[in-house]
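Structure assessment
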Amino acid sequence: MRWAYLGLPIVSIAVATLLAGCGQGKSTAANEATIRIGSVAPLTGPQSHIGKDNDNGARLAVDEINAQGLKLAGKPVKLELVSEDDAADPKTAATVAQKLVDDGAKAVIGHLNSGTTIPASRIYHDNGIPQISPSATAIAYTAQGYNTAYRVMANDAQQGRALGQYAVTKLGAKKIAVIDDRTAYGQGLADEFEKAVKAAGASITAREYTSDKATDFTAILTSIKGKTPDLVFFGGMDPQGGPMAQQMKRLGLRAQLLGGDGLQNINFLKLAGVDAEGVIASSPGLPLAAMPGGPAFKQKFEARFGPIQVYAPYAYDAVNVLAAAMKRADSAEPAKVLAELAKTDQSGVTGPLRFDAKGDIAGGSVTLYRVKNGAWVVLETVK
Amino acid sequence: MDIFVQQLINGLVLGSIYALVALGYTMVYGILELINFAHGEVTMVGAMSALAVIGALLGAYPQAPALLVLPAGVLAAIMVCMALGYVIERVAYRPLRRAPRLAPLITAIGVSIVLQNAAMLIWGRSYISFPAILPHGSHPILGAVITDLQIVIVTLSVLIMLGLTLLVERTRLGRAMRATAQSREVAELMGVNVNTVISATFIIGSALAAIAGVMVSAYYGLGHYYMGFMLGLKAFSAAVLGGIGNLAGAMLGGLLLGVIEALGAGYIGDLTGGFLGSNYQDVFAFMVLILVLVFRPSGLLGERVAQRA
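Residues numbered from 1 in each chain as written. Chains lettered and ligands numbered in written order. Predicted model: local features only at pLDDT ≥ 70, side-chain atom pairs only at ≥ 80, totals over all residues. Heavy atoms only, no water.

**What about the sheet that holds strand 6 (residues 149-151) of chain A?**
All names here are of chain A.
- Taken in spatial order, the six strands make up an open sheet running 2-3-1-4-5-6, and their pairing is mixed. Two strands lie at the open edges of the sheet, namely strand 2 (70-72) and strand 6, each paired on one side alone. Averaged over all adjacent pairs, the angle separating strand axes in this sheet is 35°, with direction ignored.
- Both strand 1 (residues 33-41) and strand 3 (residues 75-85) contribute to a ladder of nine bridges, which runs parallel. The partner of I35 across the bridge, within strand 3, is L79.
- Where helix 3 (residues 90-102) meets the sheet, it contacts strand 1, strand 3 and strand 4 (107-110), and its direction lies at approximately 155° from that of strand 3. (Pairing = 2+ DSSP bridges. Helix = DSSP H or I, 4+ residues; strand = E, 2+ residues; numbered from the N terminus. Axes fitted to C-alpha atoms, helices over the stretch in contact; angles between N-to-C directions. Contact = heavy atoms within 4.5 Å.)

**Digging into the domain arrangement of chain A**
Residue and element names in this part refer to chain A.
- What the domain assignment lists for chain A is domain 1 (7-154 + 292-349) and domain 2 (156-284 + 366-382).
- Measuring from the centre of the C-alpha atoms in domain 1 to the corresponding centre in domain 2 gives 29 Å.
- Taken residue by residue, the interface counts 18 residues in domain 1 and 18 residues in domain 2.
- Taken together, the two surfaces of domain 1 and domain 2 that pack against each other cover about 1,500 Å², and 58% of this comes from carbon and sulfur.
- Sorting the residues of domain 1 by area buried against domain 2 places T137, I139 and A154 first, and these three jointly supply 29% of that buried surface.
- At the surface where domain 1 touches domain 2, the tally comes to zero salt bridges.
- Here domain 1 is connected to domain 2 by six residue pairs in polar contact (both at pLDDT 80 or more). (Domains from an automatic or database assignment. Buried area = accessible area lost by both parts, 1.4 Å probe. Salt bridge = Lys/Arg side-chain N within 4 Å of Asp/Glu carboxyl O. Polar contact = N/O pair within 3.5 Å; in protein donor to acceptor, adjacent residues only side chain to side chain.)

**Observations regarding the pairing of strand 14 (residues 366-372) of chain A**
All names here are of chain A.
- Counting buried positions along strand 14 gives five out of seven residues, so the element sits mostly inside the fold.
- Here five bridges tie strand 11 (residues 280-284) to strand 14, and the two strands are oriented antiparallel to one another. Within strand 14, the position partnered with A281 by the bridge is Y369.
- Strand direction decides the pairing type here: strand 14 and strand 15 (residues 375-382), joined by seven bridges, are antiparallel. Looking across to strand 15, one finds that K372 is bridged to A375.
- From the end of strand 14 to the start of strand 15, which pair antiparallel, there are two residues, and N373 there has a positive phi angle of about 50°. (Buried < 20%, exposed > 50% of the residue type's maximum accessible area, 1.4 Å probe, protein only.)

**Brief notes about unusual backbone geometry**
Residue and element names in this part refer to chain A.
- Put simply, G110 and H111 share a cis peptide bond, and its omega is -5°.
- Among the secondary structure elements, H111 is positioned in the loop between strand 4 and helix 4 (114-126).
- Positive phi outside glycine occurs at A73, with the angle close to 50°.
- Given the relative accessible area of 54%, A73 is considered exposed.
- With a phi angle near 50°, N373 is a residue other than glycine that sits in the positive phi range.
- The residue N373 is located in the loop between strand 14 and strand 15 in this model.
- Taking relative accessible area as the criterion, N373 reaches 70% and is therefore assigned exposed.

**Notes on the confidence of the model for chain A**
- Averaged over every residue, the pLDDT of chain A is 89; residues scoring 70 or more account for 92%.
- Residue range residues 21-30 of chain A is modelled with pLDDT below 50. Its contacts to residues more than four positions away, or to other chains, number eight contacts. (pLDDT = per-residue confidence, 0-100.)

**Describing the environment of L163 of chain A**
Residue and element names in this part refer to chain A.
- Within the secondary structure layout, L163 lies in helix 5 (residues 156-170).
- L163 sits in the buried class, given a relative accessible area of 0%.
- C-alpha of L163 to C-alpha of A190: the two residues are 27 residues apart in sequence and 9.8 Å apart in space.

The following block contains the structure:
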């Protein structure tokens, strides 16, 4: 009897591993040559809703390309999207990146967060594999001088500048409190924001920190309240921003809440509830409705996966940029694809797609939104 | 001064939630000397099932009064968690009761992972927001603000802790629990049904976790399959801080940890002239924990073994 019981822990761990591994690694069709493309985002943990959104965006593009039929060097090939979970954790990101390299991925779409994209980019660079991040906005990512690192979204320098100038010149804020979540993204954006605010002549009265897993901000908000700022900037994501908006109201902290693209999504509206009203946040690029392919993409995507969270169009574009480069190179060989990737000049769902010498998107714009009657309303788009 | 009062209030509210969860850890440890690492996940399941029931009720009857919907949600959460607590003990711990002590620790971690992933499959990856049915009133107190919800959370926690103390100190079941904690074999010889007592301990602890889970999701306005992890870790630390196995210790540890965190996050930046920022709030809390454990390895109230349950 007792021997049978000893199997229990093993079974429970095995079940857990199986469950955790759900949806990863699909078997491939044997008769056609397949090209593996990695798609990395947090599929578990607090940001998994956004991660799955990116993965779905990439999957939609891959399935479309496969349906149309892709031919390289005269032979039909199939793209296989290999989804990996980095749990928004820099260490896991490096492990997963190495795994993709070892599994023979020819290119990678990802990662979602700047904090994961940057350590992973080194591994892709060392192995000469092209990487296109749909959503990593930290400046450091493309500033490393890697010829393999690309992104299809405006970086934090542009976004932080736009937000900082808007806070001071349009909103008239003089005393500003800054909070960030200590991730490469949140910290980077907050630093850029702070620079722009100081340049525009306002002062930073408090700089507080939280983490990307916290839900309680009452302590730092109380401390901020004691310094009576007119504006609170948060560099971070919606799971923190939503409760933060609520807790500000609850503590009677009457300052404008301002955030970046981490807040500018539908989930933030749900989480903050009525307290979302009046919050201002920016997002790189154009609003979905104003994107050249926005409405059509929304229809296609939502018919299959449900509501778009935020970056799915960018992941979709990233795959298409990659496929176009493969087509021009007439090969999936990373070195040849990289040479063509730099010459990218096409129009995607999110707008014109061209890269500068560093791999940043050329001419990216930033749009500011405000919550009005429970929905994001466009304030203005800054070039 | 008003800022200090506000930080104290913040800390007390957070701390009373920690205390409720910490009680679950400490009760199980007191009786089985087992760290039930799945306890944080039970809290999460409580929060998520309450959210599901409240959401469904409001979907069917949008005009239903909050005073009806909320207790229904809490009750559902308690039922689900009680059943879950019983099943976890029955499936993952009882078969291993005579196995080396590391084995149930591993199954505890296994159960925790299974619950997290099951919750992800059932309720999805998205954050679920708490419906806006809660009272939004707030009262000024000594220059700070306390909301209705915060008053409810603290009062309810205190009542539950008093109730639990009475249960352990005054009832037959409580006496059986204390006896089992002191010596399982002797208790068994005295006619105590040890299995029933252990099941009861898990069921009571899980009910507390359910209530704490609903409180957390109501307080922060959200539920997520991942929410139990950090909460469980903090509550476990609170239980250790107070002296694991000791009921009063878990309550004290929970409240202390909450207050230390709030004060740490609020003042560390100003005290160190910006050298250490509020990102060190967890470090600060755990430093206090380590210091306490260095000087009192059994925790603040850890030595009064007779009181553990």
